[in-house]
Number of protein chains: 2
Amino acid sequence: MAREVKSDIEIAQACKMMKISELIEELNIHENDWEPYGHYKGKLSLDLLEKHQNTPDGKVILVTAINPTPAGEGKSTITVGLGQALNKIGKKAVIALREPSLGPTMGIKGGAAGGGYSQVVPMEDINLHFTGDLHAITTAHNALAAMVDNHIHRGNELDLDVRRITWKRVLDINDRSLRHINIGLGGPLHGIPRESGFDITVASEIMAILCLASDLNDLKKRFARIVIGYSSNQKPVTVKDLEAEGALTLLMKDALKPNLVQTLENTPALIHGGPFANIAHGCNSVMATKLASKLGDYVVTEAGFGADLGAEKFLNIKMRAGNIQPSLVVIVATIRALKMHGGVPKDQLKNPDTEAMKKGLGNLEKHVESIRAFGLPHVVAINRFVHDSEEEIETLRHWCGEKGIEVELANVWEEGGAGGTALAEKVVHEIEHRKNQFKPLYELEDSLLSKVNTIAKTVYGADGAVLSKEAQKQLKDIQTNGWEHLPVCMAKTQNSLSDDPTRIGRPENFQITIRELKPSIGAGFIVALTGSIMTMPGLPKRPAAVDMDVDEEGKATGLF
Amino acid sequence: MAREVKSDIEIAQACKMMKISELIEELNIHENDWEPYGHYKGKLSLDLLEKHQNTPDGKVILVTAINPTPAGEGKSTITVGLGQALNKIGKKAVIALREPSLGPTMGIKGGAAGGGYSQVVPMEDINLHFTGDLHAITTAHNALAAMVDNHIHRGNELDLDVRRITWKRVLDINDRSLRHINIGLGGPLHGIPRESGFDITVASEIMAILCLASDLNDLKKRFARIVIGYSSNQKPVTVKDLEAEGALTLLMKDALKPNLVQTLENTPALIHGGPFANIAHGCNSVMATKLASKLGDYVVTEAGFGADLGAEKFLNIKMRAGNIQPSLVVIVATIRALKMHGGVPKDQLKNPDTEAMKKGLGNLEKHVESIRAFGLPHVVAINRFVHDSEEEIETLRHWCGEKGIEVELANVWEEGGAGGTALAEKVVHEIEHRKNQFKPLYELEDSLLSKVNTIAKTVYGADGAVLSKEAQKQLKDIQTNGWEHLPVCMAKTQNSLSDDPTRIGRPENFQITIRELKPSIGAGFIVALTGSIMTMPGLPKRPAAVDMDVDEEGKATGLF
């Protein structure tokens, strides 16, 4: 470890970026097909996909992980590092990531632009307002909410039942005080009193729609289908009924354009859409992934949290919406997280403890089994941390060997692409030589309960799923409204394979409790909320925001 | 009227814009001193003002108006048209406007990019998300709110009195249902229950601070001074106490950079900051106005609503914060609005009615008197509408002549700059030949009550101001906290010189009722809320949003 240890933001700010116009030129993108946002960010035209319709698709590599520690497993870091490494071994790779949310950035987890020498830049822009996509979602979502309440206040021609408005409001911040609120108070000039609440912006159905839409026209059609609540005779009321789909489309037309930036090693990166994988489907946009597969021979993309969350939803939901066939899955594991799953307290994960790590391997094993259930080639990537011992790493390698699992060490945090060339070689080799028998886990025609049970059993290792009384009632409504053919989007804690965040490792003999079934008809799925998962996080006692600042030269400090 | 009548958006979309990079070149701005936002918008560096410190200041022309009709008097249109006209007569003019808010754009009034052949472009971008400044304000404001409630939830070390939190939340949308809300409901995991509410983003103190800050350092200092509420022993608690000023500055560092666009005739326009003049100080940013005065020999800038609102606050507040000396005031009047002030119902303003117009002239007269009280040269600009009769126009001209008021007809909506050359010539002549004896109406050392009374009497024509019981109590607190030396920011209806929106023309024998005094210590003024003015508007029965859409080519439609 001869290299001086710098913070992520110091490394990012010291990097020599290419002008975005040069990157655009390298990618052979015409002047009319992009727009600059500052000198180092760009938005790509919606026409570009159509123009590339005869270009063959690159191979899609999906990066997922085991159940992470609160700091994350470094999936973005591995995604960026693997993209850089593929370029180092002579392949043309493009990265496709999700946009960070200000909630975690200002809360506890920090940004989401990778780490160390495997970051996307300019990291401070990406982690803050970026090109405004999340702000557009917040605006469109809340404009619709205002139109809903205004409609009721102005005579309620659609006969909306104020007790059955399902469209809430959103903000891109962790604000627990807004989870449950009463609105419309203060008298007859100030709207109709009712119960409501705010979710975090990334949980908005508009975010899901942005990420699943195939073009501007599809975007508008999906908006029109959004159900905002029910009439007094319990019929769904949609955005189309409110005549709001045009305004939503107008507010979102620039946000739909994928964003282009670069990594520290000038590998192109499309960063677009950023739903959380615990409360939403957790993948970047279909348009960005598809466009990346036109611009590169290899696309490295991530799905949020563990393979039980983002990857499951990538492989059951996103692949259907976008007709995207992954070629291989990289499962990121860290020695730290394996020790956590072996029972080591979070403040002691730096200490070598091979026995604890061995005890935690069940978690990794379950995720490998899930990916195998999808019929996909896979490689376990050990994301190396400074405190990992050689013994721990060798034990993990040995265990993988015994189980017939391909494994490779990646030191991309410390070394950038150079630290990932072995992983890149292995990934390319597996794609070329391993059989791909990809198949989603369920058919759309399966009943909703059967879909949920399949995921609970095959992916989580549960005995099955049980529905709360409320969810049973909601299931009936879903059947009445003819929505049972939709895929299911599970909302579950990221900390455990079960719906109980305290059950580490590989839990057994448990049920998944479906507390609520929430139709997202515009997105095209039914959200199944499990356990006590919340769609608006809270801030910790000392939020990361307290350490953020701007120095005398106007540079950002305190971002990580 | 031979020309085919096109809508504003059709005219704007047909215009041949210069690339922003070409405009930057024309203005001799170095590559490092700006950033593109798309091909037709840019942000200028914060260093540019310092680099220009030895450049002499251009003349500042302030455009204001009489009390407007709900559609507005066309102040932005005249501002843009006059800028274009000044260039037509060989002067180097730069325009400085405010950023539109999505509230009116999606509500009833429409956008704020001028009209007809006097618009700033790209009008759809400017009227929608533009460069994200308002979204940054929404984000920073609500991040602070989340930190306040989180502080209380996490133990309340600062001993905040939950009944005395003055920092609300904001959204850039008209949403009456959020005016009065109860937050923190749902049990102990979800914060502390308390009463609160949302204002519209343009009413945020963060917007006022953006508009009044002289540089990034001043911005941070102002943020630190914001009072978010009071402790249980009634001491003010500030952003500094919460250690949040660094994060707010970081979130706002790009928003602080003035935005550059162009008019239909390629006149440079800085559009930056956009508080409403009825509920805030209503002027674009000090930094943009100052920078415009370095880039042009003439700056044409507007202040919101009538001269009783934006102009009064420009001349008593903004000039002090930015040390900006206006050279002349243009008072915009329309025949339509004069007829409204003469008692004609709003749906009959198209019909010629010279007598009614004459009856409405008192309103214009009062505004002229106010500008004279400030000692400033002034010209009345008649913003010509298609339905104005020659008799009405001649009668207005004649009346001005009798009163010794300089007046000129402007047909910039229909003809662009060419329709404003006579006005431009007159403005230049008056600046060169008329004595400028500018002086604000009050001294900072005056008591708060005396300042309010001065404005009420001199600008509104009231007999004086009366304080509600609540305001009297607040005045005492303001005195106790040593804030009485601050200027006062009046919040008052734009529809009348009085605080009663139904009293048109030139009301007499009335008092102004100060309902509430709200300290904005970061902005550096005390807001005095009069009558029943509200800081969160509502939507009309059929919001403008319903007509918004995107056509098959991806172009915006339905904006006006």
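Calculation rules
- Residues numbered from 1 in each chain as written.
- Chains lettered and ligands numbered in written order.
- Predicted model: local features only at pLDDT ≥ 70, side-chain atom pairs only at ≥ 80, totals over all residues.
- Heavy atoms only, no water.
- Contact = heavy atoms within 4.5 Å.
- Buried area = accessible area lost by both parts, 1.4 Å probe.
- Salt bridge = Lys/Arg side-chain N within 4 Å of Asp/Glu carboxyl O.
- Polar contact = N/O pair within 3.5 Å; in protein donor to acceptor, adjacent residues only side chain to side chain.
- Helix = DSSP H or I, 4+ residues; strand = E, 2+ residues; numbered from the N terminus.
- Nonpolar A, V, L, I, M, F, W, Y, C, P; charged D, E, K, R; others polar.
- Buried < 20%, exposed > 50% of the residue type's maximum accessible area, 1.4 Å probe, protein only.
- Pairing = 2+ DSSP bridges.
- Axes fitted to C-alpha atoms, helices over the stretch in contact; angles between N-to-C directions.
- Core = buried A, V, L, I, M, F, W, Y, C linked by side-chain atoms within 4.5 Å.
- Domains from an automatic or database assignment.
- UniProt positions renumbered as here; feature names shortened; annotations may be inferred.
- Least-squares fit on C-alpha atoms with pLDDT ≥ 70 in both.

K.L.:
Which residues make up the interface of chain B and chain A, and what are the values?
P.N.:
Chain B puts 70 residues into the contact, and the matching count from chain A is 70 residues. With both chains or domains summed, chain B and chain A bury close to 6,200 Å², and 61% of this area falls on carbon and sulfur atoms. Note that Glu31 of chain B and Lys19 of chain A form a salt bridge whose closest N and O atoms lie 2.3 Å from each other. Run the count over chain B and chain A and you get 37 residue pairs in polar contact (both at pLDDT 80 or more). For the side of chain B that touches chain A, the element with the highest residue contribution is helix 7 (residues 133–153) of chain B, accounting for 10 residues. Class assignment of the residues belonging to the side of chain B that touches chain A gives a composition of 34 nonpolar, 20 polar and 16 charged.

K.L.:
Can you break down helix 8 (residues 205–212) of chain A residue by residue, with the values?
P.N.:
All names here are of chain A. Within helix 8, 8 of the 8 residues are buried, which leaves it mostly tucked inside the rest of the structure. Buried within helix 8 we find Glu205, Ile206, Met207, Ala208, Ile209, Leu210, Cys211 and Leu212. One side-chain oxygen at the N-terminal end of helix 8 lies 2.9 Å from the backbone nitrogen of Ile206; it belongs to Ser204.

K.L.:
Tell me about the sheet that holds strand 20 (residues 464–467) of chain A, residues and numbers included.
P.N.:
All names here are of chain A. Judged by pairing direction, the sheet is mixed, and its 4 strands sit side by side in the order 20-22-23-21 without closing on themselves. Each edge of the open sheet carries a strand with a single partner, namely strand 20 and strand 21 (488–491). The average angle at which neighbouring strand axes cross in this sheet is 40 degrees, direction not considered. Sheet topology places strand 20 next to strand 22 (residues 511–520); 4 bridges connect them, and they run parallel. Across the sheet, the residue bridging to Leu467 is Ile514, located in strand 22.

K.L.:
Give a description of the side chain of Asn363 of chain A that names residues and reports values.
P.N.:
Residue and element names in this part refer to chain A. Turning to its location among the elements, Asn363 is positioned in helix 14 (residues 354–373). On the basis of relative accessible area, Asn363 is assigned to the buried category, the value being 0%. A polar atom in the side chain of Asn363 sits 2.8 Å from the backbone oxygen of Gly505. Ignoring sequence-local partners within four residues, the contact set of Asn363 consists of Ile66, Asn67, His341, Leu497, Gly505 and Arg506.

K.L.:
A description of the sheet that holds strand 12 (residues 227–231) of chain A should follow, citing residues and the corresponding values.
P.N.:
Residue and element names in this part refer to chain A. One open sheet holds the 3 strands; their spatial order is 7-12-13, and the pairing between them is antiparallel. The two strands at the open ends of the sheet, each matched to only one other strand, are strand 7 (160–165) and strand 13 (236–238). Each strand of the sheet is rotated relative to its neighbour by a mean of 50 degrees, with strand direction disregarded. As paired strands, strand 7 and strand 12 are joined by 2 bridges and run antiparallel to one another. Of the residues in strand 12, the one forming a bridge with Leu160 is Ser231. Sheet strands touched by helix 7 (residues 133–153): strand 7 and strand 12. Its angle to strand 7, the strand with the most contacts, is close to 135 degrees.

K.L.:
Summarise the nonpolar core; cite the residues concerned and give the values.
P.N.:
With 336 residues, the main nonpolar core has Leu364 of chain A together with Leu364 of chain B as its most contacted residues. Not counting chain neighbours up to four residues away, the residues in contact with Leu364 of chain B comprise Ile66, Ile331, Ala333, Leu338, Val380, Leu396 and Trp399 of chain B.

K.L.:
Let's hear about the domain arrangement of chain A: which residues, and what values?
P.N.:
Interface size, as often reported, equals the accessible area lost upon joining of the parts. Residues and elements named next belong to chain A. In terms of domains, chain A is made up of domain 1 (37–131 + 258–433), domain 2 (133–252) and domain 3 (448–529). The C-alpha centroid of domain 2 is placed 33 Å from the C-alpha centroid of domain 1. On the domain 2 side, the residues contacting the 29 residues of domain 1 number 19 residues. Taken together, the connections running from domain 1 to domain 2 amount to 1 salt bridge. Close ionic contact of Asp133 with Lys43 constitutes a salt bridge, the shortest N to O distance being 2.7 Å. The interface formed by domain 1 and domain 2 includes 8 residue pairs in polar contact (both at pLDDT 80 or more). Going through the elements one at a time, helix 5 (102–106), helix 11 (286–295) and helix 12 (307–322) are the ones with two or more residues in the side of domain 1 that touches domain 2. For the side of domain 1 that touches domain 2, the element with the most residues is helix 5, which contributes 4 residues. When the residues that make up the side of domain 1 that touches domain 2 are grouped by side-chain class, the tally is 14 nonpolar, 12 polar and 3 charged.

K.L.:
Which residues make up the UniProt feature "binding site: ATP" (unreviewed entry) in chain A, and what values do they have?
P.N.:
Residues and elements named next belong to chain A. In this numbering, the UniProt entry assigns the feature "binding site: ATP" (unreviewed entry) to Thr69, Pro70, Ala71, Gly72, Glu73, Gly74, Lys75 and Ser76. For Pro70, the position within the fold is in the loop between strand 3 (59–65) and helix 4 (75–88). Sequence-distant contacts of Pro70, that is, excluding residues within four places in its chain, are made with Lys109, Met340 and Lys346. Here Ser76 shows up in helix 4. Owing to a relative accessible area of 14%, Ser76 belongs among the buried residues under this scheme. Residues in contact with Ser76, not counting those within four places in the same chain, are Leu97, Ala112, Gly114 and Glu302.

K.L.:
Provide a residue-level description of the pattern of salt bridges, including the pertinent values.
P.N.:
This structure, assessed with the given rule, holds 73 salt bridges over all chains. For the salt bridge of Lys88 of chain B with Glu265 of chain B, the shortest nitrogen-to-oxygen distance reads 3.8 Å. Taken together, the residues Lys88 of chain B in helix 4 (residues 75–88) and Glu265 of chain B in the loop between strand 14 (259–263) and strand 15 (268–271) connect sequence positions 177 residues apart. A salt bridge links Arg384 of chain B to Glu390 of chain B, with the shortest nitrogen-to-oxygen separation between them at 2.9 Å. Taken together, the shared-partner salt bridges in this structure form one network comprising Glu394, Arg397, Glu406, Glu408, Lys426, Glu430 and Arg434 of chain A.

K.L.:
An account of the relation of the copies chain B and chain A is requested, with residue identities and associated values reported.
P.N.:
With an RMSD of 0.0 Å, the fit of chain B onto chain A corresponds to turning through 180 degrees and sliding 0.0 Å along the axis. With respect to symmetry, the two chain copies, as superposed, fit the operation of a two-fold axis. Proximity to the rotation axis, assessed at the C-alpha, singles out Tyr37 of chain B in chain B; its C-alpha lies 2.2 Å from the axis. The fraction of interface residues of chain B whose copies in chain A are also interface residues reaches 100%, indicating that both copies meet through the same surface.

K.L.:
Tell me what's going on with the pairing of strand 21 of chain A, and back it up with residues and numbers.
P.N.:
Residue and element names in this part refer to chain A. Judged by which residues are buried, strand 21 turns out to be covered on both faces: Val488 and Met490 on one side and Cys489 and Ala491 on the other are all buried. Note: strand 21 against strand 23 (residues 525–530), 4 bridges, orientation parallel. Following the sheet pairing, Met490 is matched in strand 23 by Ala528.

K.L.:
Quick rundown of the pairing of strand 14 of chain B? Include the residues and the values.
P.N.:
All names here are of chain B. Among the 5 residues of strand 14, 5 are classified as buried, and the element is accordingly described as predominantly covered. Judged from the 2 bridges that link them, strand 2 (residues 42–44) and strand 14 form a sheet pairing that is antiparallel. The residue bridging Gly42 from the neighbouring strand is Leu260, located in strand 14. Two strands pair when backbone bridges link them, and strand 6 (residues 118–121) and strand 14 are joined in this way by 2 bridges, in the antiparallel orientation. Note on strand 14: the bridge partner recorded for Val120 is Thr263. Two elements, strand 14 and strand 15, share 4 bridges in a ladder whose sense is antiparallel. Across the sheet, Gln262 pairs through a bridge with Pro268, a residue of strand 15. Turn length for the strand 14-strand 15 hairpin, with the two strands adjacent in sequence and antiparallel, is 4 residues, and the turn residue Asn266 shows positive phi of about 65 degrees.

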